[in-house]
Amino acid sequence: MFGGGPVSTLGGVLVLLSLLFATVGCGLGFFAGYRKDPQLYRWAQSAAYGFSASMIGANLLMVYALINHDFSVRYVAEVGSRSTPLYFTIVSLWASLNGSILFWGGILGIYTAGVTWHLGNKHREYAPYVLHVQLGIAIFFAFLVASIANPFAPVFPVPPDGPGPNPLLQNHWLMAVHPPMLYLGYVGMSVPFSMICASLLAGRLEAGWMAPVRRWMLIPWSFLSVGIVLGGWWSYAVLGWGGAWAWDPVENASFHPWLTGTAFVHSAMVLERRGRLRDWTLLLGMSTFLLTLVGTFMTRSGVFNSVHSFTQSDIGPVFLVFIGITLTYSLLLLTFRAHKLDEAAALTDARLGAKAKKSTSVFSRETAILIQNGLFGAFTFTVLIGTLWPLIVEAVEGRRISVGEPYFDKWALPIGLGIVFMMGVGPMLPWGRQNADKALKRALPAAAFGILVAGGFAAAGFQGPISVLTLFVTGFAFWANANEILDPARKRMSTHSEGLGTALRKVLLRGRRRFGGHVAHYGVLMAVFALALTKGYRVEQDFPVEKGQTVQFQGFDIRFDGAEMVQEPHRSALVSTFEVSKDGSLIGTKVPRMNFYKTQREPIYTPDVHSRPWGDLYFSIISVPGDGSSAVVRLIWQPFQVWLWLSAPMVFLGTLICLWPERRRASASSAASAPAAAGQVAPGSAK
Amino acid sequence: MTTLLLLALTAFGAGQKDYVPVDAETIERAEIPGVPPGPPPPAGQVDAIAHEISDKLRCPVCQGLSVADSNASTAVNMNNHVRALVAKGYTEADIREFFIDTYGEWIVLDPEPQGLDMFIWLGPGLVAGLGIIWAVSTVVQWRKEPDDELPSQRGDAPLDPFEQQLLAQLDAEIESDRPTGST
Amino acid sequence: MSSATAPSSSGPKIRWPLLIAGLLVIALMMALLGGAFGRQVKELSTEMEGKPFRQFTTVDFDGNKVSLQQVIDSGKPVVLNFWSTWCGPCKIEHDHFQHAARMYPEVAFYGVLYQDKVPVAQRYLAQKGAAYPTLVDESGAIAITYGVGGVPETFFIDRAGTIIHKENGPMHMGMLQPLLEQLKASAP
């Protein structure tokens, strides 16, 4: 580590510092919580900031080294190249294993600083333990970076140039965005994990603590959602097979924590409002982070054959040990400390004396969330077991099998439909109780809308039974969610004599959390809508074409104008040109290409897409023999594909709305105002 | 520039497969050894049937993509081969059996529902069923035991004076737990 | 936490069955994932071993028609070697195969070109020598019929027409010799 150039040395120092801070801070945090010592806590906070600063600093230093082509640094020698454009040079920070672990650490630093700052002096029963667990996780990653995965190791003799990052990563600008989004999602799950562990360690769980836990789950969850959709877009726009999701083990790895995270966000609401489902919610929250670790392991260890797998590396076994430790730790915490939470709750009850008693009826939001959670649990199990099945069978029977799309699609469809249906039922039902006829009365208009939507699309040609059912359920859920805003707005209009605009604005501002939830639901509905129609009505055909020849496909006239070689600094490409016309008028020129990199045998295909709100016309080259005067092109028509991509910003927007800080309103109550506002749940502003 | 072009042409020519249309001769030569073909399917349906089959075959050189989806040379060749076999009159079962016999079980993306793999076929359904049972039994339990509606759990509803007093009491208790000298 | 009014609890309610089950699941997971290290990720099939050969007819680079059935019927054992010019290990083993072909004239050696262009392969063979013919497989049907997933892959077919061995990967004389002896000694 020492004895290299200045960057290597400084990098090594920063990484060691981060390990030091993490270790010291972890211990300080624990004792600060155990002894309830404010001085120790302040030191723990400083250590946390120290860890963040050194980790983030190390990341910035690496980027500096990459840009300056400092090939004396090992990672730069692995992925740097003088011929790589600047944009991709920066992006190569996460192009390869060691850099991506460093990047993991950097994002962990950001989140650690964030939660330390946000907790500040509030929630003092929990906060020290949060830092303790968070820095405990940091120890592991700092250790990895400092030892096995050290990207700063010096290289001697210093090579004049490097091979450049993996060509697949240079093919599209999305590669700059998809991994950071995913990392912000994955790494961020450590925070709610730490908070839940803190609760168990402290032996208490007040409703006032669930609110920040839920917020800190929503933040990484939104990034994870966007990251997953971006991954689908990358698959679609870059890989050339015209699909967005292949149930690849690594894709699934990102999906597991999303599933449990979504379930958590909903069951946490039941916990907050009704005090129920506590252990299940805590389990979900912890599992989300644990699944993130398992997912990172599956991606990095080379155990699975995948487009993401780096070659089998040394970090695999270490990672596995860490997973084992964290799994066992979580299990032990839950089993041995959960009863403490019961005691604390009982204590609170005893102090309160008289309580109101209300029972939950079948037709209540709690029931809907319960069913939804059951479905999410089944979904997680399905995807997880499907991903691990080939390993299990190989271990037990020595056979090699594959579990692919037919299996996953078969189960994802009914479970997914059930979840979408509940997405409509849930908002429709109030908390607590509802009687059957009222519930049905609210359901009928939603069902009618669903029939309308399904019928409308069926009339337009989308008549398969699966898509009809999906569109019905989607329409039903859409109406149910929209109604939750429009209905109270309409009521306000009559009671307060406000215009629609004002009424809507007031309702949205007051019910920010709920409205954000609805917007996020709309995002999911958009994705489901797009998936149902693209999968069900995709039309694909291979056309051998000569230069100048026109073919007809789905109402379009497509003329092949030949192919030619194009030189770029880091690759050469064979670009085929197609003119697209409809009803005689030219509507676009598409240039799918085959990219040739020095280090790859098979070319990397970049498709081109003609995108409209009602469908995509997708061009992918199969082959271009010899002189470019003929080609075989695969044309795919995917109806309503863009809605899948649009779901990402919609979900993100919904989360943003949920999380937007409220202006603190002057409470109308008398004596309770000051302590009531200090960090506890205040009326109407529950987050 | 010319040398580069020539180099590139040979390079990409070396890597990928010239598209061979599935013509009469190819169909004639396609066969599954030891298995007689049935009657050929109607002309327009060959592609659709072949696509169904290819969708469930795994591309051997890809990461779990199906032969229908992948545009790797191997996948394109396999696709053509499947199409030729279908056009010749082989059934889906024959073709699937042929590929499993030749490559191994891993060539199909949906394992046969036998033996250990039955778990994959039934497992998720079982778990979903268990999930529903859990949900139902929990609701039944909730209906039986009314829960305590603690004021801090009421979410959006405004507190009445009694509840505000309770909340203040709770907060005071929590305050007293804090070590002295802190915020 | 003041315990003045703490209700008497019946002791910590530790759910032992859940703990045991949880630990078991964790142990199994660790074993599964840990055991998966070093697992060969690429599917290399040996499914064809022990099976009878599959008939095909094609042409070699000189335009001569070759039918595998006829070769077997003539009483010769066959070595089928799938290769490409873009495959490094194929080029390394090429010399070994040529040497083996000369040492064992009673065995019929055939190369099969895999996902490559004939002119390019011909140029290569002109340089490196061709001790045995290479066959054309434009559509890849022969490779598919033999379950070839990459190169080099070599099939050893005895006089009775059974594929006694399939090798995934390059071979040297030390590996070739025992198999060729076996082929030589086989009965039709």
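Residues numbered from 1 in each chain as written. Chains lettered and ligands numbered in written order. Predicted model: local features only at pLDDT ≥ 70, side-chain atom pairs only at ≥ 80, totals over all residues.

1. What to know about the overall build of chain A
Piece 1. Scanning chain A for helices and strands turns up 21 helices and 11 strands.
Piece 2. For 687 residues, the compact-globule formula gives about 26 Å, and the C-alpha radius of gyration of chain A, at 27 Å, lands near that figure.
Piece 3. Dimensions of chain A, computed from the C-alpha atoms along their principal axes, are close to 90 × 75 × 55 Å.
Piece 4. In chain A, the proportion of contacts linking residues at least 24 apart, taken out of those at least 6 apart, comes to 72%. (Helix = DSSP H or I, 4+ residues; strand = E, 2+ residues; numbered from the N terminus. Rg over C-alpha atoms; globule rule 2.2 N^0.38 Å. Contact = placed C-beta atoms within 7 Å.)

2. What to know about the overall build of chain B
Piece 1. For chain B, the count of helices and strands is 7 helices and 1 strand.
Piece 2. Going from the N terminus to the C terminus, chain B shows its helices and strands as α-α-α-α-α-α-β-α.
Piece 3. Expressed as a percentage of its 183 residues, the buried residues of chain B come to 41%. (Buried ≥ 20, exposed ≤ 12 C-beta atoms within 10 Å, placed from the backbone.)

3. Notes on the sheet that holds strand 3 (residues 78–83) of chain C
All names here are of chain C.
Piece 1. Strand order in the open sheet made by the 5 strands is 5-4-3-6-7, with mixed pairing throughout. Edge positions in the sheet fall to strand 5 (134–135) and strand 7 (163–168), since each of these pairs with one other strand and no more.
Piece 2. Relative to strand 5, strand 4 (residues 108–113) runs parallel, the two sharing 2 bridges. Looking across to strand 5, one finds that Gly111 is bridged to Thr134. (Pairing = 2+ DSSP bridges.)

4. Here's the deal with the sheet that holds strand 9 (residues 608–612) of chain A
All names here are of chain A.
Piece 1. Taken together, 4 strands build an open sheet; the order of strands is 2-11-10-9 and the sheet is antiparallel. Each edge of the open sheet carries a strand with a single partner, namely strand 2 (539–546) and strand 9. Across the sheet, the mean angle separating the axes of adjacent strands is 20° when strand polarity is ignored. (Axes fitted to C-alpha atoms, helices over the stretch in contact; angles between N-to-C directions.)

5. Concerning the nonpolar core
Residues and elements named next belong to chain A.
Piece 1. Residues Val130 and Phe141 are the most contacted members of the largest nonpolar core, which totals 294 residues.
Piece 2. A per-element tally of this core places helix 10 (residues 207–239) first, with 19 residues.
Piece 3. Beyond its immediate stretch of four places on either side in the chain, Val130 contacts Val115, Leu119, Ser194, Met195 and Ala198. (Core = buried A, V, L, I, M, F, W, Y, C linked by C-beta atoms within 7 Å.)

6. Considering the domain arrangement of chain A
Piece 1. Under the domain assignment used here, chain A contains domain 1 (1–176), domain 2 (246–313 + 322–346 + 361–434) and domain 3 (542–642).
Piece 2. Each of domain 2 of chain A and domain 3 of chain A was reduced to a C-alpha centroid, and the two centroids are 40 Å apart. (Domains from an automatic or database assignment.)

7. Quick word on the confidence of the model for chain B
In low-pLDDT regions, the fine details of the predicted coordinates are not to be read closely.
All names here are of chain B.
Piece 1. Residues at a pLDDT of 70 or more form 68% of chain B, whose mean pLDDT is 74.
Piece 2. Summarising per-element confidence for chain B, the mean pLDDT is lowest in helix 1 (residues 2–15) (37) and highest in helix 5 (residues 92–103) (94).
Piece 3. Taken as a whole, residues 1–20 scores under 50 in pLDDT and shows 41 contacts with residues more than four places along the chain or in a different chain.
Piece 4. Overall, residues 176–183 carries pLDDT values under 50, and its contacts beyond four positions in sequence, including any with other chains, amount to 10 contacts. (pLDDT = per-residue confidence, 0-100.)

8. Focus on the interface of chain C and chain B
Piece 1. With 22 residues of chain C at the interface, the matching set in chain B holds 22 residues.
Piece 2. Here the element with the most residues in the side of chain C that touches chain B is helix 5 (residues 141–145) of chain C; it accounts for 3 residues.
Piece 3. Among the residues making up the side of chain C that touches chain B, the classes are represented as 6 nonpolar, 10 polar and 6 charged. (Nonpolar A, V, L, I, M, F, W, Y, C, P; charged D, E, K, R; others polar.)

9. A few points about the confidence of the model for chain A
Residue and element names in this part refer to chain A.
Piece 1. Residue-level pLDDT values for chain A average 86, and 91% of them are 70 or greater.
Piece 2. For residues 352–357, every residue scores under 50 in pLDDT, and the model assigns this stretch 8 contacts once sequence neighbours within four places are set aside.
Piece 3. Contacts for the low-pLDDT stretch residues 664–687, under 50 throughout, to residues beyond four places or in other chains number 44 contacts.

10. Things to note about helix 6 (residues 173–185) of chain C
Residue and element names in this part refer to chain C.
Piece 1. With 13 residues, helix 6 extends 18 Å between its outermost C-alpha atoms, agreeing within 8% with the 18 Å of an ideal straight helix rising 1.5 Å per residue.
Piece 2. Three or more residues of helix 6 are buried, namely Leu176, Leu179, Leu180 and Leu183. Looking straight down helix 6, one finds its buried side chains confined to an arc of 105°; they lie on one side. Of the exposed residues in helix 6, those oriented more than 90 degrees away from the buried face are Gly174, Pro178, Glu181 and Ala185. (Expected span 1.5 Å × (residues − 1). Arc of directions from axis to C-beta.)

11. Topic: the packing of helix 19 (residues 512–536) of chain A against helix 20 (residues 642–659) of chain A
Residues and elements named next belong to chain A.
Piece 1. The N-to-C vectors of helix 19 and helix 20 enclose an angle of 170°; their axes lie 7 Å apart at closest approach. Considering the angle they form, helix 19 stands roughly antiparallel to helix 20.
Piece 2. Of the residues belonging to the contact of helix 19 with helix 20, the class tally is 18 nonpolar, 6 polar and 2 charged. (Parallel < 35°, antiparallel > 145°, perpendicular 65-115°, else oblique.)

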